[in-house]
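Overview (structure and organization)
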Amino acid sequence: MEQPHLLSKLRTALNYLYDSQQSHQHRHEAHQFLLTYKQSNVRRLVVSRLQSRKDKTGTADDGENELSFNHTEDLTGSIFLSCLGLLYSSCSQNSSNSHERIFTAQALNHRCRSIKLTETFDIEAEDGVECGTARLVLALEEIKHARNNSQLNNTADLNEKTKSILTAWLERYVTMLVNRCGGGSACSGADLLAVLLERHSSVLLDSPYLVDESQGEEQIKGTLMMFSLAVAMYVAAFRDFEEEHQHQNQHDEARSPWANAVLSELGSALSVTMLRLRYRPTTDKQATPSPDPSCPPLIDALVHAINIVKDSAAVYLTNQQAGGEIPSLLQDAHHYAIHRSIAACLTSLPETVLLPPGQDYMHRIPSVDRGCLRAASMELRCNETGMQKAVTVLMQSTGNVYDDSSASRLLGMCEAWARYVAVPIHVIDESVGKVAVQFMHISKGTPALQQQKVQSLAFQYLVSIFEAALPTLSVSDILTAALGVGATGVQNGKKKQGNKSKKRHDKRLDRAKAVEDESSQNQAEEELLARKNAACAAAAAAFGVSTSSAGDDWGLRLASSCPTTTSHAICSTVAAAATSVLPHLLWLERNDGPSQQWRSELFSVITTVIQRMCKAEDRDIRALVYEALMIIHGALNSVTVVSCRVEQLAIDSICECVLSLSASCAYPLNYFDNLFENNDEDLEIERNDVRDVCRSVCSLDSGNFGSDESKSPSLMILNRIVSACHSAIKGTDPAVSPSEAVVHALSSLAKPLNKLGNKCLEVPDEEGCTILSRALDSFAFVFQILNSSIERLPHSQTLPLSRLVLIGFASLAPLLSSVARMALRSTTEAERNLIEFFEKSLCYGIQQAILSTAQIPELVAESTLESTRYDIKGAMRGPGGEDHVGCIALIRVSSESDELRNSVFKVCGGRILQDLTNLHHTLKRIEVERGVGVDYGKGVTPLSRRLLIRVVSRLGIQQGDGTVLHSLLEEPLREIVAQKSSPVTIEKLFRFCEAALDLSFFSPELLSHLFRDRTSDLDSLFQTVIMGYAGLSFTSEGDATTHHWARLRCGIICLLRACQSMTDYSAGVIRALIRAECEAAAAQCDQGPSSGSNLFVEDIIGEEKIHTGAYVILIGEYLKHLSSSKVMTEDQVASCRRCVQVLKHCASDVASVLLHVSPEASAHVDPRVTLAEAWFLTMKTLASVCRHNDQIISMLATENVQTLFGESLSVAMLFIFMKDIGGKKRPAPDMQQGMSPDGPQTLAISDFIAESMLLGPSILAGSIAALSAHIQINCGNEVPAEVLGGAAISASLLRAISGATPPWVVEDTPVLFKAMHTALGNDSDLFIQALGVSTKLETMTAVGGLRAGEKLSGRYLDASDSHINSFLGKAAETVAKNDWKKMKVVLKSATGGKKKESGFNLKPHYSNWECERV
């Protein structure tokens, strides 16, 4: 028997790839062959070649009737026929090669989904590309051309010619189809297909489409595909039955479940084929096509195809028995194959044709016209032709009798449909109420394997129903799916769609809605309601609610009472039900007339199971409840007050669940016995999740506090949880520590308590004050117990509770501030009680913060945060993994408000400053004892200790008594003086650094006095850093001394940053530091890009410490801080003037470094990159300050600041002009002069240019004046200075987007050119004039990357006048429409289009300039 041309190659490749016995040597070649095989499309290649010939000749009729191809052997052979032949052969034989069956089914489905019918059924390729495929294409194309150019009286001849061609094709290839599909044993696919085609040949030969060259080929090929795929499904199912029967008799090992995958793929392929036959695209791409009258609805068509196979198979099997009776085993196999095929088709249909509403982001849409998909979607959403019809058909095929197998197929099919459409209520009654619940009965015995499978399908079905009715699902989501627009971006339940994507999606949806009538919106609304009603009906059926025959063991009912019956499948189903059903039940109770008993009962049953799940021992089961609780709360809190019984049930359930979850995630007994161990990450993640749940269900962010008569649901939940925690804490024996789990729950409520505190401050609220009083009383009680026991109990007992309660205390700082303000006005009795508890908790809380900082080390052992997520158990740190929680609590309380600081002195007395100072002294002593680099064992880290300095500083300024504060300030100064005259050693650098960092934590007010009165003490700090730059070496690496110098550099930057203003002394210091750094940078650049360095490396002057340019960044920070004042003082004005003077003084030093010609550094960190970023960011800040602060701009009038801006703009342009982007006949060089533009420095330059131009035309004029000192420009005609300046900037920007800078710069061009337009007085004519001049500017001498006579704007604008005029015309049109976003398109078009494979990185972020934690 003949076989398909590619069959042997296909079988060999699959054997090499999947057979473990084969050598690995050829697996790569086999894999490559199979990839090419699946993607091959000879028909499309022929059509493309024909189209190319037509494009060249202008007509299809060029006298040639052949197409020539190279390597014709590679284009010979039918993919469809070889797949079908291997599938038939493998399924017809007793073969264990399940990989052959699965691959061929996948390949057939892939091709059916991806390419046209005429391309998929490529059997003519068996005769070769020239004799087969090309001959057919040319013959049909000839008729099509003749029909388009003929008179009407010639139509009959053309019809007859078409029919003869297609009839001849049928005669040739139908025989080939049968003969080359192989043979087999009990049920041969090829023989069965032959019987089928013989019985139904009239469907092909008498088709009315044979006279149509376009639809005729599609129709006959689609019909043959339909028959072939239906037969393939039958023989696969038949083979599955035979193997199962053999397996049961021989008790072999578990066999491969290949049939599920194969039938699913073939069902999908058959569904797409039917879709293409029933709906064909129209010429109007927006229109919804009508169904082909010759093709029945999709479900009927699929069932009809299987029934044709059924009848033919009966004849075939009878013939096999020589006319005798078919054996019962073959009859069983026959019935099984038919039923299984129908179920597979109906199961695959929705996934193939329908789009998922708002879910399944990765759903693969078949490559079918969207109008056809829309029509099919509307068809399958109707009960008469959709799910209801499918269920009816499947039930009829089983005779409405369900054993385990038929039940699994019914539930599997229903689950597939439930993901895409609303399940009709009577289908719920049948599939859930009569079938699914029979397998969901919860019993202590283990069901049989098949029953377990059905039970799993039942749960999956319910989950799909519930997930199809999620509260997040919207009418727009359903419209999107129903109209074939495509799924919106949803991932893990969260929308990930950007603004541009959403706009495009909305446009597509609007166009699709415009095609349909207004009923589509109403239908979507009805479907959304139907989905939610179906979810409620399914839940009611599953739990036996309102079911007269339901006993205590019905469905899932036992899950609410029997703790031994809860499994993960049950719990995930219940959680899904709670998420979708409970919100809808709330809505029904509120909006759907009188309350109904079944709703309350169902609500109660589900919430009961949810509460049980919260107490489960399995952490994964508890986690299933989180989302459900937050969604229920969202639905509950959508109303102002509670008004019906189910709302109260919901509140009760949420409160019970939250308390149970908090108890379930408590630290186990003896968990903290070994504080050196790492934390249990799973437990810490669960605790964080539970905190989020607690916070969410009490959230008051919406501002819904209810009314005076009735409180909002959130407030009621908050009250219940706080009351429960208060009772549990206050009921604790004072000799015993309170429950950590209860404190955990209470501490998580800080955010809603802060909201409530602010509300009570604004509007007196007795109940709100009562809630707050209980919360603060609870904290005070815990603090009191800890204060009395912390010195006598081991850390393992005090650390977890102290850490937890202090985190909560720190988070409650806004609440404490609100109560402190409340105490300053007239108060009610409830408010006076609240103030009493506030003072009590504040006093005990501060005591606990001090005691815990003194007694409990921040780290009992070395931190493991570099390798773990939650550090060691003995880490007394906050959630961020930094700083002692006692210090965090103190800093939060001291920084919240003046009123709260006053309250601290009121409850703690004036002694608090001395206590904090003594604590600092103790911690400093411990720090010295630990030694350099050791921050664990006892005491706290240096940064946590410094937080105490900030606390004392803030409180001291508030009190006005500077004695303690100044004595604390003297300590680091004495350290500096003591080390001043000693030689530079590691010890000296370390002490200097620590002193500088300590000083940086004092208030700006104190530091300003320090910089005025104690400059002699500070000189040695700054001189040491300046002298360190002189130690630059190009051969040696950084040693320990250099590392400590780098730390000192960070220390003085922190000190200068903390001043927040520029004094005369700091101005001189910063000038000297910038000059020293620039000189070192220039010396490094002089050595070339491959030179080594001991300073300009990542861990010295780089990302590990702080970048080059940090001193310049400080000036920008000063300006930003000073300009934030509404009315500036004389000192602030003087500080701004000093900032500008320093910038002017340093401008030339910085410019000489930024424009250094040395190429991009390769062996060290290029100091120019971050220096450029710092300079242009600071200049941008100055420009912004000048634009928005009239007081500053008037003050700077005498400082000639325009010159500074002009010089900076010229530096930016010169940097761009340094880049050689090549010319028309020469490429750009591989190595460019100057620093790389690939980084945040280019982003800073772009932002600065845009901001500075907004200052007006004088800045443009200043820029050309500064640029002319470096470049001799030939501009042709005389133009105003501001226009010439704009032209120079424009030329630099055009050069930038022509390749001098990374491609992302073009994204900033709308902002840049709009700013230039504004700078030119919004005069469009001047703007276009400047743009025109920019295309003509030439340099008269070679400068940087520019050659003498070269256009500044680059090679793409060195073009013909027509190109330039076209560019200017489009730009003028864009400006006239004020459509600056389109300017990007115009500029890209004018400068060579998109720059692919440029070698540049993606758009960067600005550098981090913080070094506090060095």
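Throughout this description, residue numbers start from 1 for each chain and increase along the sequence as written. With pLDDT at 70 or above as the cut-off, local features in this predicted model cover only qualifying residues; side-chain atom pairs require 80 or more to be listed or tallied, and sums for whole chains, interfaces and linings still use all residues. Water and hydrogen atoms play no part in the side-chain values, which are based on all heavy atoms of the structure.

Here's the deal with the overall build of the protein
Heads up, the condition is: Counting from the N terminus, the helices are the DSSP runs of H or I reaching at least four residues and the strands are the DSSP runs of E reaching at least two. A simple rule labels every residue: compare its accessible area, found with a 1.4 Å probe on the protein chains alone, to the largest value its type can have, and call it buried under 20%, exposed over 50%, or partly exposed in between. Residues count as neighbours in contact if any of their non-hydrogen atoms are within 4.5 Å of one another. Using a 1.4 Å probe, accessible areas were evaluated by the Shrake-Rupley method; residue-level cover was limited to the displayed protein chains. Positive charges are assigned to Lys and Arg, negative charges to Asp and Glu, while His and the chain termini are left out of the count. A charged residue contributes its charge at one atom only: NZ of Lys, CZ of Arg, CG of Asp or CD of Glu.
Helix and strand content of the protein: 57 helices and four strands. Each of the 1414 residues in the protein was classed as buried or not, and the buried ones make up 56%. In the protein, the share of contacts with a sequence separation of at least 24, taken over all contacts with a separation of at least 6, comes to 78%. In the structure as shown, the protein presents an accessible area of about 57,800 Å², 49% of it carried by carbon and sulfur atoms. Computing the positive centroid from 134 side-chain charges and the negative centroid from 162, the protein places the two 3 Å apart.

Points about the packing of helix α33 (residues 795-811) against helix α34 (residues 813-822)
To be explicit about the condition: To get an axis, a line is fitted to the C-alpha atoms, and for a helix only the part in contact is used. The angle between two axes follows their N-to-C directions and goes from 0 to 180 degrees. Should an angle fall under 35 degrees it is taken as roughly parallel, and over 145 as roughly antiparallel, whereas 65 to 115 is taken as roughly perpendicular and any remaining angle as oblique. Classes in brief: Ala, Val, Leu, Ile, Met, Phe, Trp, Tyr, Cys and Pro nonpolar; Asp, Glu, Lys and Arg charged; the others, Gly included, polar.
Close contact between α33 and α34 brings their axes to 4 Å; oriented N to C, the two are set at 50°. Taken together, α33 and α34 sit at an angle that is classed as oblique. On the side of α33, the interface is formed by Phe-809, Ala-810 and Ser-811, while α34 contributes Ala-813, Pro-814 and Leu-816. In terms of residue class, the contact of α33 with α34 is made up of five nonpolar, one polar and no charged.

Focus on the nonpolar core
For clarity, the threshold we go by: Each nonpolar core is a collection of buried residues, namely Ala, Val, Leu, Ile, Met, Phe, Trp, Tyr and Cys, held together in the definition by side-chain atoms within 4.5 Å.
Judged by nonpolar contacts, the single largest core of 447 residues is most densely connected at Tyr-461, Ile-606 and Leu-1182. Counting residues per element, this core draws most heavily on helix α11 (residues 215-250), at 16 residues. Apart from residues lying up to four places away in sequence, Tyr-461 is in contact with Met-387, Leu-411, Cys-414, Glu-415, Ala-418, Val-423, Val-427, Ile-428, Ser-431 and Val-432. Listed in part, the 10 residues of the second largest apolar core include Leu-67, Leu-75, Val-129 and Leu-138.

As for the pattern of salt bridges
Threshold: Note on definitions: salt bridges are taken to be side-chain nitrogens of Lys or Arg within 4 Å of carboxyl oxygens of Asp or Glu.
Throughout the structure, instances matching the rule amount to 73 salt bridges. Linking Arg-239 and Glu-243 is a salt bridge whose minimum nitrogen-to-oxygen distance equals 3.6 Å. Here Arg-239 and its partner Glu-243 are both found in helix α11, four residues apart, which amounts to about one turn of the helix. Its relative accessible area of 3% is what places Arg-239 among the buried residues.

Description of the packing of helix α46 (residues 1110-1123) against helix α48 (residues 1167-1188)
To characterise two packed helices, one gives the angle between the axes of the helices and the distance between these axes. Convention followed: Left-handed describes a crossing whose near helix is turned anticlockwise from the far helix by less than a right angle; the clockwise case is right-handed.
In the contact formed by α46 and α48, the axes pass within 8 Å of each other and the chain directions differ by 20°. With respect to each other, α46 and α48 are oriented roughly parallel. Relative to α48, α46 is oriented so that their crossing is left-handed. On α48, the residues touching Val-1112, Ile-1113, Ile-1115, Gly-1116, Leu-1119, Lys-1120 and Ser-1123 of α46 are Leu-1171, Ala-1174, Trp-1175, Leu-1177, Thr-1178, Thr-1181, Leu-1182 and Val-1185.

Observations concerning the side chain of Glu-1350
The condition that has to hold: Two N or O atoms form a polar contact when they lie within 3.5 Å of each other; inside protein one atom must be a possible hydrogen donor and the other a possible acceptor, and for residues adjacent in sequence the pair counts only when both atoms belong to side chains.
Along the chain, Glu-1350 turns up in the loop between β4 (1338-1339) and α56 (1361-1376). The exposure class assigned to Glu-1350 is buried, which follows from its relative accessible area of 14%. Only 2.9 Å separates the side chain of Glu-1350 from the backbone nitrogen of Arg-1347, close enough to count as a polar contact. When near neighbours in sequence (up to four residues on either side) are disregarded, Glu-1350 contacts Arg-1226, Arg-1295, Leu-1337, Glu-1338, Thr-1339 and Gly-1345.

What to know about the packing of aromatic side chains
Keep this limit in mind: Aromatic pairs are defined between Phe, Tyr and Trp rings, using the six-membered ring for Trp, whenever the two ring centres lie within 6.5 Å; interplanar angles under 30 degrees are classed as stacked, those over 60 as edge-to-face, and all others as tilted.
A complete count under the given rule lists 19 aromatic pairs for this structure. Ring geometry for Phe-1011 versus Phe-1022: centroids 6.3 Å apart, planes at 55°, classification tilted. Here Phe-1022 lies in helix α43 (residues 1015-1029) and Phe-1011 lies in helix α42 (residues 1004-1013), a separation of 11 residues in the sequence. For Phe-1011, a relative accessible area of 2% corresponds to the buried category. Each ring, one from Phe-1176 and one from Phe-1248, has its centre 5.6 Å from the other, and the planes form 45°; the classification is tilted.

With respect to the environment of Asp-1039
Within the secondary structure, Asp-1039 is located in the loop between α43 and α44 (1040-1059). Residues Asp-1039 and Ile-1100, spaced 61 residues apart in sequence, show a C-alpha to C-alpha distance of 9.9 Å.

Side note on the side chain of Ser-1407
Take Ser-1407: it is sitting in the segment after α57 (1381-1390). Reaching out from Ser-1407, the side chain makes a polar contact with the side chain of Glu-1173 at a distance of 2.7 Å. Those residues in contact with Ser-1407 that lie beyond four places of it in its chain are His-1107, Thr-1170, Glu-1173 and Pro-1240.

Looking at unusual backbone geometry
With a phi angle near 70°, Asn-670 is a residue other than glycine that sits in the positive phi range. For Asn-1378, which is not glycine, the phi dihedral falls at a positive 55°. Along the chain, the position of Asn-1378 falls in the loop between α56 and α57. A residue is classified by how much of its surface remains accessible, and Asn-1378, at 52% relative accessible area, is exposed.

What about the environment of Ala-146?
Mapped onto the elements of the fold, Ala-146 is located in helix α7 (residues 129-149). Sequence-wise, Ala-146 and Asn-1378 are 1232 residues apart; in three dimensions their C-alpha atoms are separated by 51 Å.

Brief notes about the environment of Val-309
Note on placement: Val-309 falls in helix α13 (residues 298-320). Linking Val-309 and Leu-196, residues 113 residues apart in sequence, is a C-alpha distance of 6.8 Å.

Notes on a negative patch on the surface
This is how the line gets drawn: Patch membership requires over 30% relative accessible area and the absence of a salt bridge. Like charges are linked within 9 Å, and nonpolar side chains (Val, Leu, Ile, Met, Phe, Trp, Tyr) within 5 Å.
Together, Glu-617, Asp-618, Asp-620, Asp-680, Glu-681 and Asp-682 line one region of the surface with negative charge. You can see Asp-680 is positioned in the loop between α27 (645-664) and α28 (681-697).

Some remarks on the state of the cysteines
Here is the rule: Two cysteine sulfurs form what is called a disulfide whenever their separation falls within 2.5 Å.
In the structure shown here, the tally under the stated rule is zero disulfides. Here Cys-644 is not cross-linked by a disulfide; its sulfur's nearest cysteine counterpart is in Cys-536, at 14 Å. The exposure class of Cys-644 is buried, given its relative accessible area of 19%. Cysteine Cys-1186 is unpaired, with the sulfur of Cys-1136 as its nearest cysteine sulfur at 9.0 Å. Given a relative accessible area of 5%, Cys-1186 falls into the buried group.

A short note on the confidence of the model for the protein
Basically, it comes down to this: For every residue, the pLDDT score states the predictor's confidence, bounded by 0 at the bottom and 100 at the top.
Summarising the model, the protein shows a mean pLDDT of 87, and 92% of its residues fall at 70 or more. This stretch, residues 487-496, has a pLDDT under 50; its non-local contacts, to residues over four places away or in other chains, come to 18 contacts.

Structural notes on helix α1 (residues 7-18)
Basically, it comes down to this: Multiplying 1.5 Å by the residue count of a helix minus one yields the expected span of that helix. Of all possible arcs, the one meant is that of the directions from the helix axis to the C-beta atoms.
The terminal C-alpha atoms of α1, which comprises 12 residues, lie 16 Å apart, in line with the 16 Å expected from a rise of 1.5 Å per residue. Turning to α1, its buried residues number three or more, namely Leu-7, Leu-10, Ala-13, Leu-14 and Leu-17. For α1, the buried positions fall inside an angular range of 135° around the axis, keeping them on one side. In this structure, the buried side of α1 is in contact with α2 (27-39), α4 (79-92) and α5 (98-114).

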